[in-house]
Amino acid sequence: MNYADLRDPNAEYTMRDLSGETMGLTESRGERRDVEITDVQTVIVDGNYPWTLVRVYTDAGVVGNGEAYWGGALPEIIERLKPFVVGENPLDIDRLYEHMVQKMSGEGSVAGKDIAAISGIELALHDAAGKVLDVPAYQLLGGKYRDAVRVYCDCHTEDEADPVACADEAERVVDELGYDALKFDLDVPSGHEKDRANRHLRKPEIDHKAEIVERVTERVGDKADAAFDCHWAFGSGSAKRLAEALEPYDVWWLEDPVPPENHDVQRDVTQSTGTPIAAGENVYRTHGQRQLITDDAVDIIAPDVPKVGGMRESAKIATLADMFYLPVAMHNVSSPIGTLASAHVGAAIPNALALEYHSYELGWWEDLVEEDDLIEDGRLQIPEAPGLGVTLDLDAVEAHLVEGQELFDEA
């Protein structure tokens, strides 16, 4: 199916069209900056998540690489978006982001897959624009606060419900791999569940989760910070009781203890406890994050850059959070492309706390780019090369494509 041929009824009579042609952008910007997008392509890499990589091509021979948050339907949505950016100047990142959101408004671009797809293109635009202007992507976001971003390692064991196994892995990741920031899951079976559907935690379940926290935090001591993730699993009362049970321990944060839709409940849980609460990965755009921030519904905001709206949108969220003195801990389950995009955001905002790394058990994660040693001693050094500062290794990408996928065209 050719998505470029789909009718756009809204555009025929009411659409707020922000295309360069409609906006009357005809002035020459100088030879180097008169660039047009010629194509947008996607591939899905079979990593520990199905990573959707995005490539923007230009008539200057420059290509920009990006990544959309993983999952189904993204290539089709990006193909739908392609006619809205082909022929446009990739330097107009903010206008093109708003243009895509407006063009897809009737199809649901307030949240969900549409925003993840737009995010993937937006990341690629930052890479392309940085290469055209010969500056690193963080410079496009206003400059640098730090040379390296702290990385927290999302940890797993063969028996994730065993508190001792979690503590053993925490010790190994700190002492052998060099991280000083960790995260473990708490939404793991305890053996005491009576009903998996009702979101209620019985006392034996809370005791089990508290034991995981106790074992991990005591084992790493002051050598590392430890956060714990609940993946939106629990009801309001259970989340409050769990958070209260964790107050005696040195918890960096408790993440997503309740479902993401009802921000009033999120606020109620956060304000009930001294345990720091983080949320935000399943909320979209600055508009979606706004209530979490302005209603004191979180202690830490946790947007996912290739999902929330992209790099500039994440920086806008960070600016709003900074007005309320909130730190930003970026959720991240991406390939090196999305991870580097998030790191550039972390370099450019004052309130960056940490960036997640979710692929420490995947031996070839770093092989997808030509650069080596991206993460060292729990820190990701910000590249000074143009754009995102990393180069896709197309041979490695091809070796790990999801079955049926075709590799990007050459630049």
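Rules of the game
For every chain, the first residue of the written sequence is number 1, and numbering continues from 1 onward in sequence order. Local features in a predicted model are, by the rule used here, given only for residues with pLDDT of at least 70; side-chain atom pairs are given and counted only at 80 or more, and totals for whole chains, interfaces and linings are based on all residues. Note: side-chain values were computed over all heavy atoms of the structure, leaving out hydrogens and water. For this analysis, a ring pair means two rings from Phe, Tyr or Trp (six-membered ring only for Trp) whose centres lie within 6.5 Å, classed as stacked if their planes differ by under 30 degrees, edge-to-face if by over 60, and tilted for the remaining angles. For the exposure calls, accessible area comes from a 1.4 Å probe over protein chains only, and a residue counts as buried if that area is under 20% of its type's maximum, exposed if over 50%, partly exposed in between. The rule is short: NZ of Lys or CZ of Arg within 6 Å of the ring centre and within 35 degrees of the ring normal puts a charge over the ring. Per the convention used, a helix needs a DSSP run of H or I reaching at least four residues, while a strand needs a run of E reaching at least two, with both numbered from the N terminus. The pairing criterion is simple: DSSP has to find at least two bridges between the two strands. A clockwise path from the first strand over the helix to the second, with the strands pointing away from the viewer, defines a right-handed crossover. Note on method: axes are straight lines fitted to C-alpha atoms, helices fitted across the in-contact stretch only, with angles between N-to-C directions ranging 0 to 180 degrees. Angles below 35 degrees are treated as roughly parallel, those above 145 as roughly antiparallel, those between 65 and 115 as roughly perpendicular, and all remaining angles as oblique. The hand of a helix crossing depends on one turn: near helix anticlockwise from the far one by less than a right angle means left-handed, and clockwise means right-handed. Should any heavy atoms of two residues lie within 4.5 Å, those residues are counted as being in contact. Any carboxyl oxygen of Asp or Glu within 4 Å of a side-chain nitrogen of Lys or Arg constitutes a salt bridge here. Two joining distances apply to patches: 9 Å for like charges and 5 Å for nonpolar side chains (Val, Leu, Ile, Met, Phe, Trp, Tyr), and every residue must have over 30% relative accessible area and no salt bridge. Surface exposure here means Shrake-Rupley accessible area, sampled with a 1.4 Å probe, where a residue is shielded only by the protein chains that are shown. Only four residue types enter the charge count: Lys and Arg as positive, Asp and Glu as negative, with His and the chain ends excluded. To locate a charge, take NZ of a lysine, CZ of an arginine, CG of an aspartate or CD of a glutamate. Contacts described as polar in this section are N or O atom pairs within 3.5 Å, which, within protein, must combine one atom able to donate a hydrogen with one able to accept it, while residues neighboring in sequence count only if both atoms come from side chains.

S.K.: Could you give an account of the packing of aromatic side chains, naming the residues involved and the relevant values?
M.R.: Under the criterion given, the structure shown has seven aromatic pairs. When the centroid spacing of 4.5 Å and the interplanar angle of 35 degrees are considered together, the rings of Trp252 and Trp253 count as tilted. The pair formed by Trp252 and Trp253 is uniform in burial state, with each residue classed as buried. Each member of the aromatic cluster is reached from another via a ring pair, and the members are Tyr49, Tyr69 and Trp70. Above the ring of Tyr69, the side-chain terminus of Lys307 is found at 4.3 Å from the ring centroid.

S.K.: Residues and numbers for the pairing of strand S6 (residues 225–229), please.
M.R.: In terms of residue burial, S6 counts as a mostly covered element, since four of its five residues are buried. Pairing of strand S5 (residues 181–185) with S6, which is carried by five bridges, proceeds in the parallel orientation. Bridged to Phe184 within S6 is Phe228. Handedness of the crossover is the feature at issue here: the chain leaves S5, passes through helix H7 (residues 203–220), returns alongside S6, and the resulting connection is right-handed. Direction of pairing for S6 relative to strand S7 (residues 254–255): parallel, over a ladder of two bridges. Paired with Asp229 across the bridge in S7 is Glu255. Note that the unit made of S6, helix H8 (residues 236–245) and S7 has a crossover that is right-handed.

S.K.: Lay out the packing of helix H3 (residues 93–103) against helix H4 (residues 112–133) with the relevant residues and their values.
M.R.: Running from N to C, H3 and H4 cross one another at 160 degrees; their axes reach a closest spacing of 10 Å. It follows that H3 is roughly antiparallel to H4 by the angle criterion. Classified by chirality, the crossing of H4 by H3 is right-handed. Contacts from Ile93, Leu96, Tyr97, Met100 and Val101 in H3 reach Ile115, Ile118, Ile121, Glu122, Leu125, His126 and Ala129 in H4.

S.K.: Just give me the short version of H3, but keep the residues and values in it.
M.R.: In terms of residue burial, H3 counts as a mostly covered element, since nine of its eleven residues are buried. Buried residues of H3: Ile93, Arg95, Leu96, Tyr97, His99, Met100, Val101, Gln102 and Lys103, and no others.

S.K.: Please give an account of the pattern of salt bridges that cites residues and values.
M.R.: Taken as a whole, this structure holds 27 salt bridges when the rule is applied. When the shortest N-O distance is used, the salt bridge between Asp92 and Arg29 registers 2.7 Å. One end of the pair, Asp92, is in the loop between helix H2 (74–85) and H3; the other, Arg29, is in the loop between helix H1 (20–23) and strand S1 (37–46), with 63 residues separating them in the sequence. Glu88 is the salt-bridge partner of Arg95, the closest N and O atoms lying 2.9 Å from each other. Taking the relative accessible area as the measure of exposure, Arg95 reaches 16% and is therefore buried. Take Glu88: its relative accessible area is 9%, and that puts it in the buried class. Salt bridges sharing common partners tie together Asp154, Lys183, Asp229, Glu255 and Glu356.

S.K.: Before we move on, could you go through unusual backbone geometry and cite the residues and values that matter?
M.R.: Unusually for a residue other than glycine, Arg285 sits at a positive phi of about 65 degrees. Summarising the element assignment, Arg285 is placed in helix H10 (residues 285–294). Overall, Arg285 belongs to the buried group, its relative accessible area being 12%. Backbone geometry at Asp296 places phi at a positive 55 degrees, although glycine is not the residue there. You can see Asp296 is positioned in the loop between H10 and strand S9 (300–301).

S.K.: Quick rundown of a negative patch on the surface? Include the residues and the values.
M.R.: Together, Asp367, Asp372, Asp373, Glu376 and Asp377 give the surface a local cluster of negative charge. On the secondary structure map, Glu376 appears in strand S12 (residues 375–376). By relative accessible area, which is 48% here, Glu376 ends up partly exposed.

S.K.: Account for the sheet that holds S1, naming residues and giving values.
M.R.: The three strands lie next to each other as S1-S2-S3, forming an open sheet whose pairing is antiparallel. In the strand order of this sheet, the two ends are held by S1 and strand S3 (63–68), each with one partner. The average angle at which neighbouring strand axes cross in this sheet is 20 degrees, direction not considered.

S.K.: Account for the environment of Asp127, naming residues and giving values.
M.R.: Residue position: Asp127 is located in helix H4. By relative accessible area, Asp127 is classed as buried at 0%. On a C-alpha basis, the gap between Asp127 and Gly387 in space is 3.9 Å, while along the polypeptide they are 260 residues apart. Apart from the residues within four sequence positions on either side, Asp127 is in contact with Val63, Gly64, Asn65, Pro386, Gly387, Leu388 and Gly389. Here the side chain of Asp127 touches Leu388 through a polar contact of 2.8 Å, landing on its backbone nitrogen.

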